[in-house]
Amino acid sequence: MNNKVNVKEKFIETASKLFQIKGYNATGLNEILAKSGAPKGSLYYHFPKGKEQLALESVNLAGQKIITNVINALDSIENPVEAIKFNIENIAIIIDNEQKTSDISISLIALETYLTSEILRKACDEIFTSLENIYAKKLIKSGISKDKSYELGCVIAAMIEGGITLSLTKKSGDSLRILAKQLPNLINI
């Protein structure tokens, strides 16, 4: 039983990395099988509905990692502006050092599948909404009104996702650093 769980987790972990880096359509099941090292029959044993089912579990895994990273970054500093800046600067460092989106963004799979898979669109929406809410709750703790905090949470999440795209395209975290620098102008505490 434990071996079966490990094989399933290996599929999810491998697929999650590949989907975040290459996207949903560019990642084939044969590549996932090859990179995971698991036997072919076990893929359909664990994911009888195929690639979409595997992608759903992979997106959820990536989302949980991203959410955990954001929560940890925000919890490390009391001041919300400084905490959010810290989170953004950490992402910039990852992009500078690794040029990857693994565990920092699900944008690629979200953009690729929003019209073709309602299941994956909803999963991505839930993750993005969770991130917006995390930023909003941090702002609420600092005394910003609930309505304004939730609006700012949406703006911050959207800016970070856009900043990630710009930074990856430019092969530099500097777009994110500019965003972090300008954040205090957006949030008046």
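Look up a bit, the structure's there.
For the structure given in this document, a descriptive report is provided here. Keep in mind that this is a model prediction, so the values were computed, not measured. Counting restarts for each chain, with residues numbered from 1 along the sequence as it is written. In keeping with the predicted nature of the model, local features appear solely for residues at pLDDT of at least 70, side-chain atom pairs appear and are counted solely at 80 or more, and the whole-chain, interface and lining totals rest on all residues. To obtain the side-chain values, all non-hydrogen atoms of the structure were used and water was disregarded.

### Details of helix H8 (residues 146–170)
Let me state the cut-off plainly: Elements are defined by DSSP. Helices are runs of H or I of four residues or more, strands are runs of E of two residues or more, and each kind is numbered from the N terminus. By this rule the span expected of a helix is its residue count minus one, scaled by 1.5 Å. When a residue's accessible area, from a 1.4 Å probe over protein chains only, is under 20% of the maximum for its type it is buried; when over 50% it is exposed; and in between it is partly exposed. In what follows, a contact means two residues having at least one pair of non-hydrogen atoms within 4.5 Å.
Helix length check: H8 (25 residues) gives 35 Å between terminal C-alpha atoms against 36 Å at 1.5 Å per residue, within 8%. By the burial criterion, the buried members of H8 are Ser149, Leu152, Gly153, Ile156, Ala157, Ile160, Glu161, Gly163, Ile164 and Ser167. Contacts from the buried residues of H8 go to helix H5 (80–98), helix H6 (107–113), helix H7 (118–141) and helix H9 (174–186). Downstream of H8 by a residue or two, Lys171 has a phi angle that is positive, lying close to 55°.

### What to know about the packing of aromatic side chains
Applicable threshold: A pair of Phe, Tyr and Trp rings is counted when the ring centres sit within 6.5 Å of each other, with Trp represented by its six-membered ring. The angle between the planes then sorts it: under 30 degrees is stacked, over 60 is edge-to-face, the rest tilted. The criterion is that NZ of a Lys, or CZ of an Arg, lies within 6 Å of the ring centre and within 35 degrees of the ring normal, and then a charge sits over that ring.
Taken as a whole, this structure holds 2 aromatic pairs when the rule is applied. Ring geometry for Phe11 and Phe47: centres 6.1 Å apart, planes at 80°, overall edge-to-face. With Phe11 in helix H1 (residues 2–22) and Phe47 in the loop between helix H3 (40–46) and helix H4 (51–75), the pair connects residues that are 36 residues apart, well separated along the chain. For the pair Phe11 and Phe47, a shared accessibility class is recorded, and that class is buried. Summarising the aromatic geometry, the rings of Phe19 and Tyr24 are spaced 5.5 Å apart at their centres and angled 40° between planes, so their arrangement reads as tilted. Exposure remark for Tyr24: the relative accessible area of 13% places this residue in the buried category. A cation over an aromatic ring shows up here: Lys51 above the ring of Tyr24, its NZ or CZ 4.4 Å from the ring centre.

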